[in-house]
Amino acid sequence: MRINLRSRVVGAALIAMALVVGACGDDNGSGGDTKEGPTITIGSTNFGEQLILGEIFAQVLEANGYTVERQFNLGSREVVYPALTSGQIDLLAEYTGSLLTFKGGTPSTDSAQTAADLQAAIGPDGLTALAYSPAQDRNGFVVTGETAQALGLTALSDLAAHNGELTLGGPPECPDRPLCLLGLEEVYGIQFFGFIPLDVGGPLTVAALEGGEIDVALLFTSDGVIAAKGFVLLEDDRNLQPSENVVPVVRDDIVTAYGSQLTDLLDSVSAKITTAELSALNKRYGIDAVDADVLAGEWLAANGF
Amino acid sequence: MGFFADLGRWFLENWSGDAGWLVRIWQHVEVSAVAVVAAVLVALPLGAWLGHTGRGGLAVVSVVNIGRAMPSFGILALALPFTIWLADTVWFIDNGLGFAPTFVALFALALPPVFTNTWAGIRGVDPEIVEAARGMGFTGRRLLRDVEFPLALPVILTGVRVTAVQVVATATLGALVGYGGLGRYIIDGFATQDDVRIVAGALLVAALSVLTEAMFSLVERRVVSPGLGIERQTTVPTPETRFRNGEHPEAVLS
C-alpha cells in the first residue's frame, strides 16, 4: 500500500509537471501530450530490482503521456507469466535466460541468441520481447567472506569438495529449478546438507547468510548487498547460468496500439540501464532503504528522460 | 474430477520422507504444542493469581488489546533478527531460523487469550461462593486451588482450546521463516504454482485445527467437574453430593 500511495503521489506530481510544461507552450512538442489508447498495466515480481525496473518503465511512460497502472509485488514467474498472457498486466521487466528456460528453451551465454530464441518462444503467446538491456542479473551463489576463506572457495566447482556439509538457502521454488538447485546437482555434482526455503534474494536470505543459518545463499548478481556485506560471489565456472539481460516483455496488442513511438521510447530506456547502475540502484534500495519510485525518478532524470 | 484425482494421488505419494505429510504434521504439532504449553505455564499461574487477588484489571485489558492488535506475521518479522542474534550468542539455540522465530510468534499469539480467560474465569466465580468458602476457613492459596480454580476451570479450558486451535492454524506462517510444518506445502506450492500442493496443505491445516478443537473439547468434558453443568442451578444437592469432597463435612452441615 505504501508503495502504491507513494507511486500515486509521484504520478500525480508528474502529471502536474506535464500539465505545467504543456501549458507553458504547445511548441514544446510531443513530450506532455496524453496518448489516446489503452491503459498500460505494468507488473513486477516481488523483489527490489523488479520494483525499481517497474517504476522506471512506469514513470517514463507516464512522463510521455501514456496512461499507466501498476500491479507490483506479484509472485514468482509462475504467477506473473500467466498474468501477462491473460492480459491482467501488459508490460513486465523480464530476464532473457530465465524466461526462456521457463518456456522450455535452452538459453546460452550469447545474449543476442538467447533474446532471439526468447522471442520465438513467447511470440505464440501474443507477447513481444523488446530490445534487451546491457544490464544482466543472473542467479548468483554467494558465501560470506569468512566461509570463502575457511573453505578456500572461489568458484561453484569448489563446493563439490564439501558435499553433504553445507546448507543452501534460497527461494522456495529453487529445488524445482534447473538454474538453481537442480542445476547445481546436475552440472556441478554438488550435494548440499540441506536446503532452507527463504525469500527471493531478499533480506531474509541475507540475514540467514550473515547469521550462519545457511552457508550458501542464492542472491542476484546485480544485488548491491553482495559488495556491501563483503560476501563472495562464487564464479559460475561451468556456465550454468545463461545470459540474463533485462528485457521488457509487452503484450502484442499494446505494441500494435501505440506502434514504434512506444517501443522506441522503451528501447532507449533499456539501452541506458547497465549492470553497474542496476547494482547501485539495488544497493540504495536494499541497504539505504530508498523507495523504488524515488530511485526510478532520480535515475530517469539523471539519464535525460 | 481430474483435480480431485490428482489430490488423492498427492496424498498417496507424499506421506513418507522428510517432506512427507507425516513429518510435516509432526513438525506442525511440535511447534504448536510447545508454544501452547509454554503460554499456559506462564499465563495460567499469572492470570489465576491476579484474578484471585483482584489486582491487575487494567493490565489485563491492556495486554489483551495489545495482543489482539499485533498480527502474528508482524511478530514473526520482528522475532527473526532477534532469534538470529540469539542463535549467535546462546549456546543451546543453534539455528535462528525455523523453529525459534515461529515459536516466538506463536507464544506471543497464545499468551493473551490464556491469560485473559484464566483471569476472567477466576474473577467470575460467584462472590457468594468465595465468601462462603472464606467463612469455612479457606484462605489464600487454598481458596484459589480448591474453590476458585475448579469453578473457573470451564472458562480456563475454553481459553486454552480456542488458543490451541488458533496456534495450529497460525503455525502455517512458520514456512515463511524456513520452518517446516504444513505451511511449507502452501508457500512452496504457491512459489511453483502447484495448486494440488496448495490445496493439500490447506486441507491438512484445516483438518489438524478441527482435530485440535475436538481433542480439547473431549479433555474439557473429562476434566471439568460434572457438578458445574447447568444442573448446578436447579438440582438440590443430595446428602451424598454434599459430602463428596469430604474435607469439612461439619462445616457443610452447620
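Residues numbered from 1 in each chain as written. Chains lettered and ligands numbered in written order. Predicted model: local features only at pLDDT ≥ 70, side-chain atom pairs only at ≥ 80, totals over all residues.

**Some details on the overall build of chain B**
Part 1 of the argument: Each helix and strand counted, chain B has 12 helices and 0 strands in total.
Part 2 of the argument: Along chain B, helices and strands appear, N-terminal first, in the series α-α-α-α-α-α-α-α-α-α-α-α.
Part 3 of the argument: Once local pairs closer than 6 in sequence are excluded, the contacts in chain B between residues at least 24 apart make up 73%. (Helix = DSSP H or I, 4+ residues; strand = E, 2+ residues; numbered from the N terminus. Contact = placed C-beta atoms within 7 Å.)

**Focus: the overall build of chain A**
Part 1 of the argument: The secondary structure content of chain A amounts to 13 helices and 10 strands.
Part 2 of the argument: The long-range fraction of contacts in chain A, counting pairs at least 24 apart against all pairs at least 6 apart in sequence, stands at 75%.

**With respect to the nonpolar core**
Part 1 of the argument: Counting residues in each nonpolar core, the largest one holds 85 residues, and the members touching the most others are V142 and A208 of chain A together with A35, A39, L106, A110 and V167 of chain B.
Part 2 of the argument: For this core, the leading source of residues is helix α5 (residues 99–123) of chain B, giving 14 residues.
Part 3 of the argument: Contact partners of A208 of chain A, with chain neighbours within four places excluded, come to G169, I196, L198, E213, I214 and A217 of chain A together with L97 of chain B.
Part 4 of the argument: If you look at the next biggest cluster of nonpolar residues, it comprises 49 residues, including I52, L53, I56 and Y258 of chain A. (Core = buried A, V, L, I, M, F, W, Y, C linked by C-beta atoms within 7 Å. Buried ≥ 20, exposed ≤ 12 C-beta atoms within 10 Å, placed from the backbone.)

**Let's talk about the environment of T101 of chain A**
Residues and elements named next belong to chain A.
Part 1 of the argument: Topologically, T101 is positioned in helix α4 (residues 96–102).
Part 2 of the argument: C-beta crowding within 10 Å serves as the criterion here: with 22 such atoms nearby, T101 is assigned to the buried category.
Part 3 of the argument: In the structure, T101 is positioned 193 residues away from V294 in sequence and 33 Å away in space, judged by C-alpha atoms.
Part 4 of the argument: Apart from the residues within four sequence positions on either side, T101 is in contact with P107, P178 and L179.

**A few points about the sheet that holds strand β5 (residues 139–143) of chain A**
Residue and element names in this part refer to chain A.
Part 1 of the argument: The strand order β7-β6-β8-β5-β9 describes an open sheet built from 5 strands, whose pairing is mixed. Both edges of this open sheet fall to β7 (194–197) and β9 (232–233), since each of them pairs with a single strand only.
Part 2 of the argument: For β5 and strand β8 (residues 216–220), the ladder comprises 4 bridges, and the chain directions are antiparallel. In the sheet register, G140 faces β8, and the bridge partner there is L219. (Pairing = 2+ DSSP bridges.)

**What to know about the interface of chain A and chain B**
Part 1 of the argument: Facing 15 residues of chain A, the contacting portion of chain B comprises 15 residues.
Part 2 of the argument: Examining the composition of the side of chain A that touches chain B, we find that 3 residues originate from one element, helix α8 (residues 203–211) of chain A, more than from any other.
Part 3 of the argument: Class assignment for the residues of the side of chain A that touches chain B results in 8 nonpolar, 3 polar and 4 charged. (Nonpolar A, V, L, I, M, F, W, Y, C, P; charged D, E, K, R; others polar.)

**Quick word on the sheet that holds strand β2 (residues 68–71) of chain A**
All names here are of chain A.
Part 1 of the argument: Pairing is mixed across the open sheet formed by 5 strands, whose spatial order is β2-β1-β3-β10-β4. Looking at strand neighbours, the two that pair on one side only are β2 and β4 (127–129), the edges of this open sheet. Within the sheet, the average angular offset between the axes of one strand and its neighbour, ignoring direction, is 30 degrees.
Part 2 of the argument: Inspection of the sheet shows β4 paired to strand β10 (residues 246–251) by 3 bridges, in the antiparallel sense. Counted as the bridge partner of A129 is V249 from β10. (Axes fitted to C-alpha atoms, helices over the stretch in contact; angles between N-to-C directions.)

**Digging into the pairing of strand β6 (residues 167–170) of chain A**
Residues and elements named next belong to chain A.
Part 1 of the argument: With 4 bridges connecting them, β6 and β7 associate as parallel partners. Residue pairing in the sheet places G169 in a bridge with I196 of β7.
Part 2 of the argument: For the crossover from β6 across helix α7 (residues 181–188) to β7, the handedness is right-handed. (Right-handed = clockwise from strand over helix to strand, strands pointing away.)

Geometric values such as these leave the question of function open.
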